[in-house]
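# Structural overview
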Amino acid sequence: MDDLKILQKTEALHEARWWEAEPGGRAHCYLCPRHCHIGEGQAGFCFIRVNEGGKLYSLGYASPAAMQIDPIEKKPLNHFLPGTRVFSMGTAGCNMGCFFCQNWDISKSRSDQVRSQHLPPEDVPLLAIRNGCPSIAFTYNEPTIWGEYVIDICRAAKDYGINTVMVSNGYITREAFHDIYDHVDAANIDLKAFTEGFYGRITLTHLQPVLDVLKWLKDETNVWFEITNLMIPTLNDAQDETRRLCDWIVRNLGTDVPLHFTAFHPDFKLQDKPRTPPETLHAARAIALDAGLHYVYEGNIYSDGAHTRCPSCGEMLIRRSWHDVEENRLKGGRCPKCYLAIPGRWVNPHGKADAETRARAREIAETKYGELNL
């Protein structure tokens, strides 16, 4: 590893999945649609999948570069255990090249692993329990690229009744999709735009693989998922594009998938664009509702578009302010007025581990990570 000019050398290399050897010591990574062909001593586009000695390794395994306690609404997930906290974590690197990345200091950095904390997968749910979190979110950078770590954390979390959440750009291959998503409970997929031109020029990827993933989630898994569309002035906020995006969701995913329109702020390589005006989000939400979507939200602004209302009778169900739940009037997952069942996961689908197990988990976490301030 001494000659590998990628990230800080990790204590132990973890061999990656989803790759095959090629002539000349190269490695073909087929985790995401980039299909990187990686030479000896080099990394793929994502920075953290590296070829050492003709084998592919994941430098992100057990090496989170960011950890924090967030409200679940920040992911954003509005129909998955609302009002709860989520243990959020990410590594370095990304498999997209978004000019507007708002976590660029992690996703575009080759040095963030210097500040990483060694955290084996079996200890992650212990930290979630210690911090009162019923869920763990893989977020901040693209979790697909550290899928090996994600899977092992998910397996450990199930023993404690802890949920797992992917916050993802949806750029993953068919070969890897079920390997990862069959283990997670919820996801938010960032549908960044609805034109190939935007994806090609602004993210350096393609639109169709993301649309495929959304259909796989709907048709082939039990994962609860929601969609986010970050609206960037002049680039993906045209009303005809928004209409086509919403029509596609209704036609392919149904009317009950929550859709979040969120406001952009200038960042990274896209600082020449203004902040998204609230009126843009209001107009997008109106288009989505008119297209037939039942649960449409506005994010990164203070707005009535943050609330959940019954699509049948209009009753206020969940009142929010930014990421805070101020009132939750759901009764058994139903509208208290007309009794319509509201799609979502309103109680922990795994239940809870017994009190003794949770107490032991908190004790171990305090002993091993007592200095970790989240």
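Analysis parameters
- Residues numbered from 1 in each chain as written.
- Predicted model: local features only at pLDDT ≥ 70, side-chain atom pairs only at ≥ 80, totals over all residues.
- Heavy atoms only, no water.
- Helix = DSSP H or I, 4+ residues; strand = E, 2+ residues; numbered from the N terminus.
- Rg over C-alpha atoms; globule rule 2.2 N^0.38 Å.
- Buried < 20%, exposed > 50% of the residue type's maximum accessible area, 1.4 Å probe, protein only.
- Salt bridge = Lys/Arg side-chain N within 4 Å of Asp/Glu carboxyl O.
- pLDDT = per-residue confidence, 0-100.
- Contact = heavy atoms within 4.5 Å.
- Axes fitted to C-alpha atoms, helices over the stretch in contact; angles between N-to-C directions.
- Left-handed = near helix turned anticlockwise from the far one by under 90°.
- Nonpolar A, V, L, I, M, F, W, Y, C, P; charged D, E, K, R; others polar.
- Expected span 1.5 Å × (residues − 1).
- Arc of directions from axis to C-beta.
- Phe/Tyr/Trp six-rings, centres within 6.5 Å; stacked < 30°, edge-to-face > 60°.

### Considerations on the overall build of the protein chain
Secondary structure assignment for the protein chain yields nine helices and 17 strands. The C-alpha radius of gyration of the protein chain comes to 21 Å, within 12% of the 21 Å expected for a compact globule of 374 residues. By its C-alpha atoms, the protein chain is 65 × 55 × 35 Å across when sized along the principal axes. Across the 374 residues in the protein chain, those meeting the buried criterion constitute 57%.

### Side note on the pattern of salt bridges
Applying the stated rule across the entire model yields 15 salt bridges. Residues Glu220 and Arg174 are paired through a salt bridge, measuring 2.9 Å at the closest nitrogen-oxygen approach. With a gap of 46 residues between them, Glu220 in helix α6 (residues 208-220) and Arg174 in helix α4 (residues 174-181) connect regions that are remote in the sequence. Of the residues examined, Glu220 reaches a relative accessible area of 35% and is grouped as partly exposed. Note that Asp247 is salt-bridged to Arg243, the shortest N-O span being 3.7 Å.

### So, the confidence of the model for the protein chain
Low pLDDT means the predicted coordinates in that region are not meant to be read closely. For the protein chain, per-residue confidence averages 92 on the pLDDT scale, and residues scoring 70 or more make up 93% of the total. Throughout residues 1-9 the model reports pLDDT below 50, and contacts reaching past four residues in sequence, or to other chains, amount to 26 contacts.

### Some details on the packing of helix α7 (residues 239-253) against helix α8 (residues 278-291)
Orientation of α7 relative to α8, taken along the N-to-C sense of each, is 35°, at an axis distance of 9 Å. Judged by the twist between their axes, the crossing of α7 over α8 is right-handed. Residues Gln239, Thr242, Arg243, Cys246, Asp247 and Val250 of α7 form the contact with α8, whose participating residues are Ala283, Ala284, Ile287, Ala288, Asp290 and Ala291. For the contact of α7 with α8, the per-class residue count stands at seven nonpolar, two polar and three charged.

### Looking at the environment of Val223
Note on placement: Val223 falls in the loop between α6 and β12 (224-231). Val223 sits in the buried class, given a relative accessible area of 7%. For Val223 and Asp267, which are 44 residues apart along the polypeptide, the C-alpha to C-alpha distance reads 31 Å. What Val223 contacts, discounting residues up to four positions off in sequence, is Tyr181, Val184, Asp185, Ala186, Ala187, Leu217 and Arg345.

### Re α8
Taking 1.5 Å of rise per residue, the 14 residues of α8 would be expected to cover 20 Å, and the 20 Å separating its terminal C-alpha atoms lies within 8% of that figure. Within α8, the full set of buried residues consists of Thr280, Leu281, Ala284, Ile287, Ala288 and Ala291. One side of α8 carries all its buried residues, which in axial view fall inside an arc of 125°. In α8, the exposed residues that point more than 90 degrees away from the buried face are Glu279 and Asp290.

### Points about the packing of aromatic side chains
Scanning all chains against the criterion turns up eight aromatic pairs. Relative to Trp248, the ring of Phe194 has its centre 6.3 Å away and its plane inclined at 55°; by these criteria the two rings are tilted. Here the residue Phe194 occupies a position in the loop between β11 (186-190) and α5 (196-203), and Trp248 occupies one in helix α7, the gap between them amounting to 54 residues. Judged by relative accessible area, which is 12%, Phe194 ranks as buried.

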